Amino acid sequence: MIQKETPPTSPYMDQHVEELEDNDLELIENGDVEVLDSYEVEEIEEIEDDEDPMGEPHENFEQMEREDASCIFDRHTASVFTGSLSKDGNYAVTGGEDDKAYVWNSRTGEIVVECSEHRDSVVFADFSHDDVYLATGDMNGIIKVRKTSDNQIIWDYDMGDALWMQWHHHAHVLLAGSVAGEVYMWRIPSGECKIIQGFGRKPDVASLMPDGKKLVVGYEDGTIRVIDLRSATVLQTISGNLAHSDAITCLDCYVDNNIILSGGVDGKVIVSAANTGRVRVLQNFNHNVDREMADANEESSDMEASGSRSSSSNWAESVAFMKDSSQQIAAVGTLKGQIFIWDVAREVLRHSIDQGSGVAKIIWKLNSPLIYAAGLDGILRCYDGRTAECAKTYLGHVDDILDLHLSTDGKRALTTSDDNTARIFEIE
């Protein structure tokens, strides 16, 4: 069992916080998980959702009729790419195109720390699982880790151009993918490093299995690899005719530590098994589009054969499993603003929603059927996953929402935007 230190009540209170033992990686052990066998396939029937109460998306963002945010942070001078909340929800950290990250009070907006050491856009900013450490990283691959009790930098590293970074769920372990193809894993604060070899392709996205023992990585050629973190070896490679044929855009893993949901630029959403590599195509957004283009004229068919992407293309920007071990329910959000709710085990489409603007990110609220969707029209929407009704909208942003984070207690949402601001919404 992974040993945890009892977290402090807040990362920025003047109290001593003991460091965890440096054996976090050694505690990531192999375990038996359930093997995906087969799916019961039923006829998919689309269920019409209620009309979006917001009507058509706003064409003039400056004319938002209300401000719903409880706190607005406006100290960034360019787009805010990323944001996270401390586990108690009292502090936020945001990073942006202005090469800066800020830690700020999520109730007052007061700045606690200004992280100005970066020289490129900050694309990662997050607290460790227990709020003991804060990590920020930029596109150049410069990583800075601070101890939150005194805000001092205790570790830094230059990994070269970076694609993504994330903390381990249960340990002081930081993971990152590089443009060169390697996946890095560091123990913090010692900096002890393991490197998973590159395969000549960029590891565009990654998702940690819920038990923290395996990392699922999606590559630019459509390949998915399941990596054992303890041995730093590839356990499963998922590719082939049924799998993705183009870059992976999003990944999520079910609570059984086996089932993987992925979306790609090829328009497919597939379900695969980490243990066996078995693949099922859940959805293909471009199938009908490509067929209609081919029927319209031979030239468009030639474009498809040559691999060209048409303006009609659509793909999943975000996928997320409902956090419920009793049922395999997942949501898929697309570039064109559709949200699909699937019973994955039975391959049954429960609901189809068209919110009228692209989906940047979707998150299920913990222990709840509510889905939060960050829109490219600047609106945060809450949907009831049981009925597909839009339960509430949160207004304030005047440009694309780029990132979304919910507090652990489910009471607050943090959004970041192209409008140079971050906002806190009370969502309880």
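Residues numbered from 1 in each chain as written. Predicted model: local features only at pLDDT ≥ 70, side-chain atom pairs only at ≥ 80, totals over all residues. Heavy atoms only, no water.

Per an unreviewed UniProt entry, the protein is named Angio-associated migratory cell protein, and its organism is Trichogramma kaykai.

Asks: Help me understand the side chain of R412 in this model?
Replies: Secondary-structure assignment places R412 in strand β31 (residues 412–417). With relative accessibility at 4%, the residue R412 sits in the buried group. Only 3.1 Å separates the side chain of R412 from the backbone oxygen of G89, close enough to count as a polar contact. In this view, R412 contacts S70, L85, G89, S106, R107, H405, L406, S407, I424, F425, E426 and I427; residues no more than four positions away in its chain are not counted. (Helix = DSSP H or I, 4+ residues; strand = E, 2+ residues; numbered from the N terminus. Buried < 20%, exposed > 50% of the residue type's maximum accessible area, 1.4 Å probe, protein only. Polar contact = N/O pair within 3.5 Å; in protein donor to acceptor, adjacent residues only side chain to side chain. Contact = heavy atoms within 4.5 Å.)

Asks: I'm lost on the sheet that holds strand β4 (residues 101–105) in this one. Help?
Replies: Working definition: the strands of a sheet are paired by backbone hydrogen bonds and lie parallel or antiparallel to each other. The strand order across the open sheet built from 4 strands is β2-β3-β4-β5, with neighbouring strands paired in antiparallel fashion. Only two strands of the sheet have a single neighbouring strand rather than two, namely β2 (80–85) and β5 (111–115). If you compare each strand with its neighbour and ignore which way they point, the axes differ by 15° on average. Pairing of β2 with strand β3 (residues 91–96) involves 5 bridges; the strand directions are antiparallel. Across the sheet, S84 pairs through a bridge with V93, a residue of β3. (Pairing = 2+ DSSP bridges. Axes fitted to C-alpha atoms, helices over the stretch in contact; angles between N-to-C directions.)

Asks: Just checking my understanding: could you explain the packing of aromatic side chains for this structure?
Replies: The geometry of an aromatic ring pair is captured by the separation of the ring centres together with the interplanar angle, meaning the angle of the planes. One pass over the structure, following the stated rule, counts 13 aromatic pairs. Plain terms: the ring middles of F199 and Y219 are 6.0 Å apart, the flat faces sit at 90° to each other, and that makes the pair edge-to-face. Taken as a pair, F199 in the loop between β13 (193–196) and β14 (203–208) and Y219 in strand β15 (residues 214–219) lie far apart in primary sequence, 20 residues in all. By relative accessible area, which is 29% here, F199 ends up partly exposed. Note on Y394 and F425: the rings are 5.7 Å apart at their centroids and 55° apart in plane angle, and the pair reads as tilted. One end of the pair, Y394, is in strand β29 (residues 390–394); the other, F425, is in strand β32 (residues 422–426), with 31 residues separating them in the sequence. (Phe/Tyr/Trp six-rings, centres within 6.5 Å; stacked < 30°, edge-to-face > 60°.)

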